[in-house]
Amino acid sequence: QVQLVESGGGSVQTGGSLRLSCAASGYTGSSYCMAWFRQAPGKEREGVAGIYTAGGSTYYADSVKGRFTISQDNAKNTLSLQMNSLKPEDTAMYYCAAGFPWLHCSGHSRDFRYWGRGTQVTVSS
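Residues numbered from 1 in each chain as written. Predicted model: local features only at pLDDT ≥ 70, side-chain atom pairs only at ≥ 80, totals over all residues. Heavy atoms only, no water.

**Some details on the state of the cysteines**
Okay, step 1: Across all of its chains, the model carries two disulfides by this definition.
Okay, step 2: Sulfur-sulfur distance for the disulfide between Cys22 and Cys96 comes to 2.1 Å. Between Cys22 and Cys96 the sulfur-sulfur dihedral comes to about -75°; the bridge is accordingly left-handed. Of the two residues, Cys22 is situated in strand β3 (residues 18–25) and Cys96 in strand β9 (residues 92–99); the sequence distance between them amounts to 74 residues.
Okay, step 3: Classification of Cys22 as buried rests on a relative accessible area of 0%.
Okay, step 4: Through a disulfide, Cys33 is tied to Cys105; the S-S separation comes to 2.1 Å. Judged by the torsion about the S-S bond (105°), the Cys33/Cys105 disulfide is right-handed. One end of the pair, Cys33, is in strand β4 (residues 33–39); the other, Cys105, is in the loop between β9 and β10 (112–115), with 72 residues separating them in the sequence.
Okay, step 5: Judged by its relative accessible area of 1%, Cys33 is buried.
Okay, step 6: Owing to a relative accessible area of 23%, Cys105 belongs among the partly exposed residues under this scheme.
Okay, step 7: Numbered by order of appearance in the sequence, the disulfide-linked cysteines of the chain pair as 1-3, 2-4. (Disulfide = S-S within 2.5 Å. Helix = DSSP H or I, 4+ residues; strand = E, 2+ residues; numbered from the N terminus. Buried < 20%, exposed > 50% of the residue type's maximum accessible area, 1.4 Å probe, protein only.)

See below:
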């Protein structure tokens, strides 16, 4: 059974930083995308960043490029998202997701098979 458990959310002021972590277990594939999505109230879920487990290629949404960094620790089965220079518009529930085998990263939620329950990030001005 695949489990994804997020942690690290919280409340910060504009310009602050947070680091999200996702502990993954039970996924036996070796080549797939791990990603972070976010969803603000009244908005659609959007892809924030992703990393392909085989090779480490990454993608970022334009809105977070230069501010967020995604990384993976294969030995610990952990996905991280370092978020710097946070803005109020980054406020959302952040979800960890694991994609289908061999499918490279995209920002589309339909391409992801497993989801965590989310961790809340709130940025105040």
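**Concerning the sheet that holds β3**
Okay, step 1: Read from one edge of the open sheet, four strands run β1-β3-β8-β7, paired in antiparallel fashion. Looking along the sheet, the strands with just one partner apiece sit at the ends: β1 (3–7) and β7 (68–73). Neighbour to neighbour, the strand axes of the sheet diverge by 15° on average, direction disregarded.
Okay, step 2: Inspection of the sheet shows β1 paired to β3 by five bridges, in the antiparallel sense. What sits directly across from Gln3, in β3, is Ser25. (Pairing = 2+ DSSP bridges. Axes fitted to C-alpha atoms, helices over the stretch in contact; angles between N-to-C directions.)

**Some points on the side chain of Asp111**
Okay, step 1: Mapped onto the secondary structure, Asp111 falls in the loop between β9 and β10.
Okay, step 2: Summary of buried charges: Asp111 has no salt-bridge partner, and the nearest side chain of opposite charge, Arg110, is 4.1 Å away.
Okay, step 3: At 2.6 Å, the side chain of Asp111 and the side chain of Ser106 are in polar contact. (Lys, Arg positive; Asp, Glu negative; His and termini not counted. Salt bridge = Lys/Arg side-chain N within 4 Å of Asp/Glu carboxyl O. Polar contact = N/O pair within 3.5 Å; in protein donor to acceptor, adjacent residues only side chain to side chain.)

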